[in-house]
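# Architecture at a glance
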Amino acid sequence: MAHILDIKTAGKPLNEAEKALIMIHGRGGSAQDILSLSQYLHVKDYALLAPQATNGSWYPLSFIAPVEQNEPWLSSAVETIGKTVEKVLTEGIKPENIYFFGFSQGACLTLEFLARNARKFGGAAAIIGGVIGEKINRENYKGDFAQTPIFLGTSNPDFHVPVERVYATANIFREMNADVTEKVYQNFGHSINEEELELANSLVFV
């Protein structure tokens with residue numbers, strides 16, 4: 001099974017914008033849900049794109065399950081992000097003007113895509129997520145982020161995402177020359193807080 005490419009849009013028309021933000025929703029969420037968060041981000045002049053996961057989930061099991069157990073959905077999900085990026089590039093927007101925002105399962109998928117496709121992007125904010133797999137396969141991750149700003153926000157503990165995986169992800173991105181900031185909130189819960197949005201604005205959407 002594979003995801004059907006279904007990209008919802010908002011903000012500036014893609015052919016009129018200089019910057020684009022790709023927003024990736026979490027399990028059980030929707031493209032429209034994640035797009036609504038853009039009102040809290042400094043992205044009023046951006047084209048906004050949010051692919052919709054088929055059946056509301058990017059992959060069936062936990063992100064720290066063995067990768068093969070989340071296939072073929074996981075590979076299709078990563079490919080969906082790639083196709084969304086290609087759509088933006090086709091309109092003439094440069095990679096360094098492409099930004100990402102993901103929450104929960106969407107944050108995991110965002111980080112997995114970026115780690116597999118490192119280059120100079122505009123930046124990324126990933127709230128409660130980490131790279132995917134029971135064990136981290138560092139061989140999958142290649143490229144140079146050229147100091148792309150990456151913000152990782154999370155709660156400790158979090159029922160879905162162990163804080164150790166967030167730290168491990170931050171270290172991998174640093175090794176790949178990203179400018180990483182991580183912020184851990186004690187016992188905050190599985191959601192996005194106001195300070196995380198403020199940090200995303202000050203670190204990424206500047």
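For the structure itself, look to the data block above.
Please read these numbers as outputs of a predicted model, since none were measured by experiment.

Conventions we followed
Residues numbered from 1 in each chain as written. Predicted model: local features only at pLDDT ≥ 70, side-chain atom pairs only at ≥ 80, totals over all residues. Heavy atoms only, no water. Phe/Tyr/Trp six-rings, centres within 6.5 Å; stacked < 30°, edge-to-face > 60°. Helix = DSSP H or I, 4+ residues; strand = E, 2+ residues; numbered from the N terminus. Buried < 20%, exposed > 50% of the residue type's maximum accessible area, 1.4 Å probe, protein only. Contact = heavy atoms within 4.5 Å. Arc of directions from axis to C-beta. Polar contact = N/O pair within 3.5 Å; in protein donor to acceptor, adjacent residues only side chain to side chain. Expected span 1.5 Å × (residues − 1). Salt bridge = Lys/Arg side-chain N within 4 Å of Asp/Glu carboxyl O.

## Notes on the packing of aromatic side chains
Within the structure shown, the criterion is met by seven aromatic pairs. Plain terms: the ring middles of Tyr99 and Phe205 are 5.9 Å apart, the flat faces sit at 40° to each other, and that makes the pair tilted. Placement of Tyr99 in strand 4 (residues 98-103) and of Phe205 in the segment after helix 5 (194-203) is noted, with a sequence separation of 106 residues between them. When sorted by exposure, Tyr99 lands in the same class as Phe205, which is buried. Ring centres of Phe145 and Phe173 lie 5.0 Å apart, and the angle between their planes is 10°; on these two criteria the pair is classed as stacked. Taken together, the residues Phe145 in the loop between strand 5 (123-127) and strand 6 (149-156) and Phe173 in helix 4 (residues 163-175) connect sequence positions 28 residues apart. For the pair shown, Phe145 and Phe173 are each scored as buried. Taken together, the aromatic side chains of Tyr46, Tyr99 and Phe205 make up a single cluster linked through ring pairs.

## Let's talk about the environment of Ala31
Inspection of the secondary structure puts Ala31 in helix 1 (residues 31-36). In this structure, Ala31 is in contact with Lys8, His25, Ala50, Pro51 and Gln52, ignoring residues within four places of it in sequence.

## Points about helix 5
Inspection of helix 5 places Glu196, Leu197, Ala200 and Asn201 among the buried residues, and these make up the whole buried set. Burial along helix 5 is one-sided: seen end-on, the buried residues are contained in an arc of 140°. The inward-facing, buried residues of helix 5 contact strand 4, strand 5, strand 6 and strand 7 (179-186). Near the N-terminus of helix 5, the side chain that reaches the backbone nitrogen of Glu195, with its oxygen 3.0 Å away, is that of Asn193.

## Remarks on helix 3 (residues 105-116)
In this model, helix 3 (12 residues) spans 17 Å end to end at C-alpha, consistent with the 16 Å of a helix rising 1.5 Å per residue. The buried count for helix 3 comes to 11 of 12 residues, which makes it a mostly enclosed element. By the burial criterion, the buried members of helix 3 are Gln105, Gly106, Ala107, Cys108, Leu109, Thr110, Leu111, Glu112, Phe113, Leu114 and Ala115. Buried residues along helix 3 sit in contact with strand 2 (19-24), helix 2 (73-90), strand 4, strand 5, strand 6 and helix 4.

## Looking at the pattern of salt bridges
Considering all chains together, one arrives at seven salt bridges under this definition. For the salt bridge of Asp6 with Lys8, the shortest nitrogen-to-oxygen distance reads 3.3 Å. Overall, Lys8 belongs to the partly exposed group, its relative accessible area being 28%. In this structure, Lys183 engages Glu195 in a salt bridge whose closest nitrogen and oxygen atoms are separated by 3.6 Å.

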